[in-house]
Amino acid sequence: MELLYSLLLGLVQGLTEFLPVSSSGHLLLVGRIIGYKPTVAFEIVAHLGTLAAVAIAYRTRLKETVVRPLSKPSLVLVLSTAVTAVLVLLFEDTLRATFDGSLLPFAFAATAVLIVLSSLVKPRAGREIGFFEGFIVGVSQAAAVVPGLSRSGTTISAARFCGVDSERSADFSFMLSVPIIVVSALGELIRHFDEFAGQNILCLAIVFFASFVSGFFAIKLVMKAVRKGGFHIFAIYLGVLSVLLFLNDFFFHLI
């Protein structure tokens, strides 16, 4: 059963890390439904799987960023990551208080609203991600630590609010996921290294592979939706999900 749970949650992590629907929110929700809480070791390995997925999908651009660390795109990535890191550290206690999932219906609904509203903003011709846009996206990424607020959904929406077109916004969001996943994974690894002792290696391998494959697929799916103007479908999904959760939390109490 543990192997099956590892496969399921690895797939959920990979898909929802890049689809604008919130990976942390869906992991909490799926864990609640199946009655299984993933360990910190599982979460770290799952994030490493999605890191591998985006690193391969954006290998050319990442190579350019490493080779040209003082270029404007590289510095904007650094700025966005730094803004996120500082805000998360400043408001860590407040953000961690939301990890129980009590805000899931509200956060899913908020993500849906952001996606819809940002889709109404007309992009400005030639507008790229500069330092101002990078700062705004960094702030939105910090807010997305709250389970249910999608990291990709909020960062893409934030860039679109600044007048950046959908494709550039999505590209920047995915590129930005690399440093933030590395920083958060290293931090969790240092704080919880002892939790890897006694872990089932096969389960961790399944988690990594499942999150890698599904994460790579999710990146391609989002970019296809962005190019074809189908990004709103994720808002519809989140809207329905939030309504169901509201009904469950306030009336039915099934999960």
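Refer to the preceding data block for the structure.
Residues numbered from 1 in each chain as written. Predicted model: local features only at pLDDT ≥ 70, side-chain atom pairs only at ≥ 80, totals over all residues. Heavy atoms only, no water.

Focus on the environment of Ile206
As for its placement among the helices and strands, Ile206 is situated in helix 11 (residues 201-227). Excluding residues within four positions of it along the chain, Ile206 makes contact with Leu3, Ser6 and Leu7. (Helix = DSSP H or I, 4+ residues; strand = E, 2+ residues; numbered from the N terminus. Contact = heavy atoms within 4.5 Å.)

Regarding the environment of Ala144
Along the chain, Ala144 turns up in the loop between helix 8 (131-143) and helix 9 (151-161). Spatially, the C-alpha atom of Ala144 lies 8.4 Å from that of Thr155, the residues being eleven residues apart in sequence. Look past the residues within four positions of Ala144 in its chain and what remains in contact with it is Leu149, Ser150, Arg151 and Thr154.

Focus on the packing of helix 9 against helix 10 (residues 166-191)
It is at 9 Å that the axes of helix 9 and helix 10 come closest, and there the two elements cross at 135°. For the element pair helix 9 / helix 10, the angle class is oblique. Seen from above, helix 9 lies across helix 10 with right-handed handedness. Contact residues: helix 9 offers Arg151, Ser152, Thr155, Ile156, Ala159 and Arg160, while helix 10 offers Ser166, Ser169, Ala170, Ser173, Phe174, Leu176, Ser177 and Ile180. Of the residues assigned to the contact of helix 9 with helix 10, the class counts are six nonpolar, six polar and two charged. (Axes fitted to C-alpha atoms, helices over the stretch in contact; angles between N-to-C directions. Parallel < 35°, antiparallel > 145°, perpendicular 65-115°, else oblique. Left-handed = near helix turned anticlockwise from the far one by under 90°. Nonpolar A, V, L, I, M, F, W, Y, C, P; charged D, E, K, R; others polar.)

Description of the nonpolar core
If you look at the biggest cluster of nonpolar residues, it comprises 40 residues, and the most contacted ones within it are Val54, Tyr58, Phe172, Phe174, Phe231 and Phe234. For this core, the secondary structure elements donating two or more residues are helix 3 (40-57), helix 5 (72-90), helix 7 (104-119), helix 9, helix 10, helix 11 and helix 12 (232-252). The greatest single-element share of this core, amounting to eight residues, is contributed by helix 10. Of all hydrophobic cores here, the second largest spans nine residues; its members include Val12, Val30, Val45 and Leu204. (Core = buried A, V, L, I, M, F, W, Y, C linked by side-chain atoms within 4.5 Å. Buried < 20%, exposed > 50% of the residue type's maximum accessible area, 1.4 Å probe, protein only.)

Spatial relationships are all this shows, so hold off on functional conclusions.
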